[in-house]
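So you can see what is in the structure, the chains are spelled out below.
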Amino acid sequence: MSDLLTLGFDAGLPPLPECHERAWARHAIGILNGDAHRSADTHLVKPDFAGLKGISVYFKDESTHPTGSLKHRLARSLFLYGICNGRIRQGTTLVEASSGSTAVSEAYFARLLGLRFIAVMPRSTSRQKVDEITRFGGESHFVDHAGAVYAAAAQIADETQGYYLDQFTYAERATDWRGNNNIADSIFRQMEDEESPVPEWVVMSAGTGGTAATLGRYIRYRNLGTRLCVVDVEGSAFYDAWRLNDREVTAPGSRIEGIGRPRVEPSFVPGVIDHMMVVPDAASIAAMHVLSERLYRRVGGSTGTNFFGLCCIASAMMREGRKGSLVSLICDSGERYSATYYNPDWLAEQKIDIAPWRQMIERLID
Ligand SMILES: *Cc1c(COP(=O)(O)O)cnc(C)c1O
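Residues numbered from 1 in each chain as written. Predicted model: local features only at pLDDT ≥ 70, side-chain atom pairs only at ≥ 80, totals over all residues. Heavy atoms only, no water.

1. Notes on helix α3 (residues 71-84)
Where we set the bar: Every helix listed is a DSSP run of H or I at least four residues long, and every strand listed is a run of E at least two residues long, numbered separately from the N terminus. Expected span, for any helix, means 1.5 Å times one less than how many residues it has. Any residue under 20% of the maximum accessible area for its type is buried, any over 50% is exposed, and the rest in between are partly exposed; the area is computed with a 1.4 Å probe on protein chains only.
Compared with the 20 Å implied by 1.5 Å per residue over 14 residues, the 19 Å span of α3 between its first and last C-alpha is a close match. With 10 of its 14 residues buried, α3 lies for the most part within the structure. All of the buried residues in α3 are Lys-71, His-72, Arg-73, Leu-74, Ala-75, Ser-77, Leu-78, Phe-79, Gly-82 and Ile-83. Positioned one or two residues after α3, Gly-86 has a phi angle of 75°, which is positive.

2. A closer look at the packing of aromatic side chains
Note the threshold: Side-chain rings of Phe, Tyr and Trp, where Trp is taken by its six-membered ring, are said to pair if the distance between their centres is within 6.5 Å; with planes under 30 degrees apart they count as stacked, over 60 as edge-to-face, and otherwise as tilted. Cation placement over rings: the criterion is NZ of Lys or CZ of Arg within 6 Å of the ring centroid and within 35° of the ring normal.
Applying the stated criterion across every chain, the model contains 14 aromatic pairs. With a centroid separation of 5.8 Å and an interplanar angle of 45°, the aromatic rings of Phe-79 and Phe-109 are classed as tilted. Within this pair, whereas Phe-79 is found in helix α3, its partner Phe-109 is found in helix α4 (residues 101-113), the two being separated by 30 residues in sequence. The two residues Phe-79 and Phe-109 agree in class, both being buried. Judged by centre distance (5.4 Å) and plane angle (35°), the rings of Tyr-81 and Tyr-170 are tilted. Taken as a pair, Tyr-81 in helix α3 and Tyr-170 in helix α7 (residues 167-174) lie far apart in primary sequence, 89 residues in all. By the ring-pair criterion, three or more aromatic residues cluster together here, those being Phe-79, Tyr-108, Phe-109 and Phe-136. The ring of Phe-136 is capped by Arg-135, whose NZ or CZ atom sits 4.9 Å from the centre of that ring. Over the aromatic face of Trp-177 sits the side chain of Arg-178, whose NZ or CZ is 4.3 Å from the ring centroid.

3. Re the layout of surface pockets
This is how it is decided: In this analysis the probe radius is 1.4 Å and the grid spacing 1 Å, with only protein atoms considered; a cavity is a set of points the probe fits into but cannot get out of, a pocket is an open set with protein on both sides within 12 Å along at least five of seven lines, and lining residues have an atom within 4 Å of a point. Grid points are joined across faces, edges and corners, and a volume is the space filled by probe spheres set on the points. In the scheme used here, Gly and all other residues not listed as nonpolar or charged are polar, with Ala, Val, Leu, Ile, Met, Phe, Trp, Tyr, Cys and Pro taken as nonpolar and Asp, Glu, Lys and Arg as charged.
Its volume calculated, the largest pocket comes out at about 870 Å³. If you go around the largest pocket, you meet 45 residues; those closest to its centre are Leu-70, His-72, Arg-73, Leu-74 and Ser-77. Those elements that place two or more of their residues in the lining of the largest pocket are α2 (20-38), α3, α7, β7 (201-205) and α9 (210-221). No other element matches α3, which puts eight residues into the lining of the largest pocket. Of the residues belonging to the lining of the largest pocket, the class tally is 16 nonpolar, 21 polar and eight charged. Considering only enclosed or pocket space, the second largest pocket measures out at about 530 Å³ in volume. Along the walls of the second largest pocket sit 28 residues, with Pro-122, Ser-124, Ser-254, Arg-255 and Glu-257 positioned nearest its centre.

4. Here we look at the site of the ligand
The following threshold applies: Any residue with a heavy atom positioned within 4 Å of a molecule or strand is treated as near that molecule or strand. Nitrogen and oxygen atoms within 3.5 Å of one another constitute a polar contact, given that in protein one can donate a hydrogen and the other can accept it, and given that sequence-neighbouring residues count only through two side-chain atoms. Here the accessible surface of atoms and residues is derived via Shrake-Rupley with a 1.4 Å probe, and residues count as covered only by protein chains that are part of the display. Any molecule with more than half of its atoms within 2 Å of a cavity's or pocket's grid points is regarded as sitting in that cavity or pocket.
In the vicinity of the ligand, 15 residues are found, and the nearest of them are Lys-71, Gly-207, Thr-208, Thr-211 and Ser-302. In this structure, an oxygen atom belonging to the ligand sits 2.7 Å away from a side-chain N or O atom of Thr-208. One of the side-chain nitrogen or oxygen atoms of Thr-211 is found 2.5 Å away from an oxygen atom of the ligand. Calculation on the ligand without its partners gives an accessible area of 380 Å², and the protein chains cover 98% of this total. Comparing atom positions with the cavity grids shows the ligand to sit within the largest pocket. By residue class, the composition of the shell around the ligand is five nonpolar, eight polar and two charged.

Structure below.
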């Protein structure tokens with residue numbers, strides 16, 4: 001201190017550090033911003049169902065992102081989060097635990113930034129997703145059970161001195177839920193000119209739980225009357241966790257890729273959910289088939305879960321003589337599931353009979 005006083009400001013100060021790390025971070029953020037700027041917003045599609053009297057149905061179509069699912073938004077947010085926290089740097093190896101869709105999107109962004117990417121996935125992950133990861137230059141590491149992905153990813157990150165992106169922990173906090181064109185902001189803006197611009201309900205399934213968290217928080221923040229219904233699936237821990245108010249619940253794991261988890265993920269925020277229900281897998285897949293026929297293109301299994309949940313709410317609204325709009329999501333396209341949910345042999349093998357569920361849905365919507 002005294003030296004500083006006698007020798008003046010220049011004493012003992014080393015030359016100011018050059019900010020090479022920041023130079024790379026600025027370069028990286030520029031690339032991510034460029035990718036966002038080249039993208040248009042996704043469509044809010046409005047299929048017509050004659051049977052749903054007084055109820056308008058909307059689907060936010062997240063299948064049209066460059067990497068084919070709603071995980072394009074999440075991957076971008078997780079990369080921004082990692083870079084802005086100083087954890088992702090030039091040369092950082094990136095590792096993720098995934099059921100596939102997130103890894104596809106992260107592989108895409110890793111390639112844009114010239115970073116090595118390793119995805120840790122259950123062996124049951126669809127072939128198409130694994131091929132897409134490879135196409136974007138990502139590496140795949142397989143484990144036998146969905147519940148084994150977390151520890152394996154953490155270990156690989158440790159061994160490679162890399163960064164574990166950890167979507168299941170960071171999804172809810174990496175997304176800027178108040179605005180900044182997040183999925184909720186985009187949906188409610190696109191609804192503005194509709195007859196019932198404020199939806200009665202938004203229906204969404206949960207994988208990380210991050211999208212449901214963003215929707216629920218945004219609804220509260222904007223002081224809207226909309227309610228949030230989260231649809232869960234067989235083999236998932238989320239529903240019981242919400243019902244019993246217990247985050248320690250575990251489950252065997254889900255057959256519907258992208259949703260339903262063996263543990264209660266840190267990104268699952270039960271406090272913003274108004275209602276939950278469990279959709280049988282056969283009902284999800286039947287709803288997926290019906291919606292695909294009505295939209296003239298194939299949607300994924302979790303979109304079927306969303307649609308079935310939406311049908312349950314629509315049915316209850318009609319019973320009570322309520323009118324209004326309902327919103328849900330097309331999470332990804334059905335192209336990824338031609339060998340499974342769209343394959344009669346796979347359905348038979350899994351002992352899934354969609355016929356009675358299909359009839360039930362068609363009776364409601366026609
Ligand atoms: C991740 C995912 C979901 C669920 O979204 P979350 O925000 O993670 O809860 C639904 N469908 C598909 C296909 C997904 O990949």
